Structures are given as C-alpha cells and as structure tokens.
Protein chains: 2
Amino acid sequence: MQLKKITKKAEGSARRYYEDACAAAHALDLFGERWALLVMRELMLGPKRFTDLKADLPGISANVLTQRLESLEAAGVLVRRKLPPPASAQVYELTPWGYESEPIFQAMGRWAARSPSHDPTLPFGSVSLMMSMRTMISPALAGALAVDAEFRTGKETFRVRLAGGELTTERGTVEHPDFVLTGEARMIAAAIYGGQPIAALEAAGVLKLEGDRALAERFIRLFPLPPKAVLPG
Amino acid sequence: MQLKKITKKAEGSARRYYEDACAAAHALDLFGERWALLVMRELMLGPKRFTDLKADLPGISANVLTQRLESLEAAGVLVRRKLPPPASAQVYELTPWGYESEPIFQAMGRWAARSPSHDPTLPFGSVSLMMSMRTMISPALAGALAVDAEFRTGKETFRVRLAGGELTTERGTVEHPDFVLTGEARMIAAAIYGGQPIAALEAAGVLKLEGDRALAERFIRLFPLPPKAVLPG
DNA sequence: CTGTATCCGTGTTGATACTG
DNA sequence: CAGTATCAACACGGATACAG
C-alpha cells in the first residue's frame, strides 16, 4: 500500500509568506493575495454579505472569495457576524484595526491616480467613489463650505457631509439634504473627476440632480485630480 | 513547415488585471504581483543591480525578478540604466514618480506594525530599516534635536540626519558624524524598536557604537512603535 | 436564497540548471 | 553578471453540486 500523498496540504492552504520583518512586507502577507485588498475596500463603508461582495467584485469566483474571507478573518482584519433575527443573515465586517487601513487606500489611490496607464473609464463601484472622494477632497478649495447631500447609486444611498473642511461619506440617508445626486457611480465620477457639467450629464439622462444646483456644481469642483506623472523617455 | 506556436504570448505575459477604475485597484495592477512592491522598496534608496536585488530579496528567483523588472519598467515605475564606463554595469532605478510611492510604504508599515501576527524577529534588510525610521520617527519626541550619524550595516553605509524634526536617510557617508553605529540591520532594529540598550548589544558583540554615546541612546528612542491592535474575541 | 465544497482547465509562480 | 529554459507545483476562475 502506497504512502498517500501528504502534499495535499492538510488544511487551509499553506500560503507563501515573505520571510521579512519589514512591516510593509508583512502587510503584503496579510492582504497581498489577489482580491484581498479589494475585499477590504468593499467593506470600508460597513458590513456586507457574501453575495453582495461577490456582486461588487466582478470577476472574483466564489471559492476565491471564501478563501480571502478566511485569510482576512484569520489575520484579524475582519470578522464574520450573524445579524440578529429577523434579518439573520451572515455579514462580514472589518475590525476596528481593519478600518484603520484606510490610509493605505488613500496613499495607493493618490499615487496610482497619476499613473500614465490609469483608465478612469472602467467600471467604478460606489464604495470606490465614496472612498476616492475622501481621498481627493481639497481642504483648500473646500474652505468653510458646508454641504449635506445624498448620493444615490443604483441600490445604495450615501450621506455625504462636508463641514469644517472635513468630508464624511457613509451609507445612509439625509433628513433635509442640500441636494440629491442620483446616477451610476461612474456617472457621478464623470462629474467630479471628468469635469463633465452636471447639466450635460442630466441632458444625457445618466444623472439626476435635485435641490441646490449652484451648491452641487460648486461641490463637485472640490476634488482636483493630481497631475499625471511625466515619464523619462 | 509548421506554424510556429503563437500561444507563446507574443511578448510580456498577459497579466490579469482588475477591471476597475478605482485608483487603488490600478495600483494593484501595477505592483500587486508577488515581489513587485518589495522590488520597489529595495530601490527606494537608490539604484541597484540585478544581482544585488536578488541578494536583498531572499526567496525571489531570477526569472521572477526579471518579469517584475519588466512589468515595473513598462508601468513607468522604474528604468534600466547603463552606468557609464568604467563601471559599465546595468542598474535599475526608480523614476521620479516611482520614488513618490513612499507614502504607500509608510501607510502599509504603520498599519501592519500593529498586526497581531507581525514578527519583528525575521530577517530585516537595511533598506527596510532606513525606510522604517523615516516612517516611525516621532517629530514630537525629536523636538529640536539635531543628529548627523552614520549607520553601517554589512556592506552598506548610510547617512542619517535629523534636523528640524525632519529625518533624512540616504546611502553615503558623513564627514564628522556625531556617532557611528555598526551592525546588522536587525541588530540596529533591536536597539531602535526592540528597546534593547545599545550597551547590551555591544556586550553581546553584535553592535558597535563610536562617538557621542548619550546622543545615540537618545536618538534611538525617537521611534516609538504604534500599539498592537486589539482584536475582538 | 445564501454560502460552501469539489472538480478541472489554464496560467502563474518558483527552484534548478544552464547560457551569453 | 544578467539573465533564459525547463519543469513541477500551485493559484485562479468557471462550473457545478451540495448544505442551511
């Protein structure tokens, strides 16, 4: 009787780690596998269910998502929670430390926005939109402007509040918003980052604005993109 | 005469990209493959040759290093340069935009230093040490302290200069250093991050200090580690 | 409906050996 | 020194089947 192939890796894939004390290398041990960081991104605005994660990460397969959720849970980045009845569904939620990874996304976003090969016309999720606004807001341009608005993308609604130069973006609604902007995330991005006037996008039927139009037009100019990097050669 | 196998992927491997306009996702398209970010890290303090990169990244294989250098060059992150004779060797050097990725390492380092699973006893390269000092320096603790020191790890020498709360770390020597610290990077790290007194490490024969001892002891206390994350459960 | 487990084809990764 | 060639292992993504 032959020895059974033990190579089968008893349990939980033996991932490859960098044997490096550098904390940045350790960060890659935690979220360096494909999709892991994007899973974290999708959870930055609050818990989600497996199916929503899968839907919001086009291209990921169920088994890969399962593995990443396991790894990230083992790393202490997220936890799986069972919502109390009647909504007794399972959700995945970042730990407090997991939420503190936001500066990583901001540093990566700021840098990669300058990449010569960055293509902003690709699909754009609503979490990415909200995170990017937090990254790109210019306190200098914002000054003392105060805004309390609602952004509605597809099936999600966000409260976007600017006060004291600080921008907060969270899931939820607003009692008496200054304005409400409705449309796909990529259309809102076209207004904010693409310089498209809101009116033009409305005329095209891809965006809808209700409320204080002047304030909205001013608000969407507060997010200047950094200049593209100039390459040698 | 048979048709030549075109499957060979005409040129430059057909990598998998996230189809995502999110700039952070694009950053992963640029350096999300295994080893890519660590290659960038090794170049953050100046150009290196293929063989040095390979030696400083234990575990990477030559073919993977070649691929990563090609990808990063195509992305505009680094360039290959031929040094002028007589030192006519080939080196790899970050572009100005490549150097601007430092905040990414800092954000990752700050966050991952709090990871419950971070193991600071693993091998520690000298570039990582210099980068981590720039990340972890506490301007509050530094105050108006001025230091001009030399750090010697293995075969490399670095100029470490603190002035006006700013820390610069670069390859090179110092004319009249306040002190010179010699030892493996991990031993210097043991002093700076592990709280080991320099004298103890000298007694163990793993570190050597020349010059202003009081200043050196004070200097190495300027790099407090962030507290470990407390996990639920 | 929500999530997990298993199979499978394919491509990527990495160790070793080898070449200009 | 600076890479290429080869090959084995494994990770990815898709499909499908299964469990609560």
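Here we summarise the structure given alongside this text.

Cut-offs used in this document
- Residues numbered from 1 in each chain as written.
- Chains lettered and ligands numbered in written order.
- Predicted model: local features only at pLDDT ≥ 70, side-chain atom pairs only at ≥ 80, totals over all residues.
- Heavy atoms only, no water.
- Pairing = 2+ DSSP bridges.
- Helix = DSSP H or I, 4+ residues; strand = E, 2+ residues; numbered from the N terminus.
- Axes fitted to C-alpha atoms, helices over the stretch in contact; angles between N-to-C directions.
- Contact = heavy atoms within 4.5 Å.
- Salt bridge = Lys/Arg side-chain N within 4 Å of Asp/Glu carboxyl O.
- Expected span 1.5 Å × (residues − 1).
- Buried < 20%, exposed > 50% of the residue type's maximum accessible area, 1.4 Å probe, protein only.
- Arc of directions from axis to C-beta.
- Least-squares fit on C-alpha atoms with pLDDT ≥ 70 in both.
- Core = buried A, V, L, I, M, F, W, Y, C linked by side-chain atoms within 4.5 Å.

Thoughts on the sheet that holds strand E6 (residues 179-183) of chain A
All names here are of chain A.
- Within the open sheet, the 5 strands sit side by side as E5-E4-E3-E6-E7. Their pairing is mixed. Two strands close off the open sheet at either side, each with one partner strand: strand E5 (166-171) and strand E7 (207-211). When the angles between neighbouring strand axes are averaged without regard to direction, this sheet yields 15°.
- When E6 meets E7, the two strands line up antiparallel, connected through 5 bridges. Within the sheet, the bridge partner assigned to phenylalanine 179 lies in E7 and is glycine 211.
- Packed on one face of the sheet, helix H9 (residues 185-192) meets strand E3 (147-153), E6 and E7 and runs near 135° to E3.

Re the side chain of histidine 26 of chain A
- Tracing the backbone shows histidine 26 of chain A in helix H1 (residues 23-31).
- With residues up to four places along the chain from it excluded, the contact list for histidine 26 of chain A reads Ala112, Ser115, Ser117 and His118 of chain B.

A short note on the pattern of salt bridges
- Using the criterion set out here, one finds 26 salt bridges over all chains in the structure.
- The shortest N-O distance in the salt bridge between lysine 48 of chain A and aspartate 56 of chain A comes to 2.6 Å.
- A salt bridge links glutamate 100 of chain A to arginine 114 of chain B; its shortest N-O distance comes to 2.2 Å. Of this pair, glutamate 100 of chain A sits in the loop between helix H5 (96-99) and helix H6 (102-112) while arginine 114 of chain B sits in the loop between helix H6 (102-112) and helix H7 (126-136), each in a different chain.

Here's the deal with the environment of glutamate 217 of chain B
All names here are of chain B.
- Looking at where glutamate 217 falls in the secondary structure, it is placed in helix H11 (residues 213-219).
- Residues glutamate 217 and isoleucine 192 lie 25 residues apart in sequence; the distance between their C-alpha atoms is 9.2 Å.
- Beyond its immediate chain neighbours, meaning those up to four positions away, glutamate 217 contacts Ile198 and Ala199.

Considering the sheet that holds strand E6 (residues 179-183) of chain B
Residue and element names in this part refer to chain B.
- Spatially, 5 strands are ordered E5-E4-E3-E6-E7 in an open sheet, and the strand pairing comes out mixed. Each edge of the open sheet carries a strand with a single partner, namely strand E5 (166-171) and strand E7 (207-211). Averaged over all pairs of adjacent strands, the angle between strand axes in this sheet comes to 15°, irrespective of strand direction.
- In this fold H7 packs onto strand E3 (147-153), strand E4 (156-163) and E5, with an angle of close to 5° to the strand it touches most, E4.
- Contacts from helix H9 (residues 185-192) reach E3, E6 and E7 within the one sheet, and its direction differs from that of E3 by about 135°.

A look at helix H4 (residues 62-75) of chain A
All names here are of chain A.
- Taking 1.5 Å per residue, 14 residues should reach 20 Å; H4 reaches 20 Å between its end C-alpha atoms and fits that length.
- Residues Leu65, Arg68, Leu69, Ser71, Leu72 and Ala75 constitute the buried set of H4. The buried residues of H4 occupy one face: seen down the axis, they fall within an arc of 165°. Exposed side chains of H4 directed beyond 90 degrees from the buried face belong to Asn63 and Ala74.
- Close packing links the buried residues of H4 with H1, helix H2 (36-43), helix H3 (50-56), strand E1 (78-82), strand E2 (90-94) and H5.
- Just past H4, the residue glycine 76 takes up positive phi, approximately 85°.

Description of the relation of the copies chain B and chain A
- Superposing chain B onto chain A takes a rotation of 180° plus a shift of 0.0 Å along the axis, which leaves an RMSD of 0.0 Å. Both copies are brought into coincidence by an operation consistent with a two-fold rotation axis. Considering only C-alpha atoms, the residue of chain B closest to the rotation axis is isoleucine 104 of chain B, which sits at 3.1 Å.
- Looking at chain B, 100% of its interface residues are interface residues in chain A too, so the copies touch through the same face.

Quick notes on H6 of chain B
- Counted residue by residue, H6 of chain B has 9 buried out of 11 residues, so it is predominantly covered.
- Where H6 of chain B is concerned, the buried positions are Glu102, Ile104, Phe105, Gln106, Ala107, Met108, Gly109, Trp111 and Ala112 of chain B.

A closer look at the nonpolar core
- Within the largest apolar cluster, 153 residues are counted, with the highest numbers of intra-cluster contacts made by Phe151 and Phe219 of chain A together with Phe151 and Phe219 of chain B.
- With near-sequence residues (within four places) excluded, phenylalanine 151 of chain A lies in contact with Met130, Met133, Glu156, Thr157, Phe158, Val160, Phe179, Leu181, Ile188, Ile192 and Phe219 of chain A.

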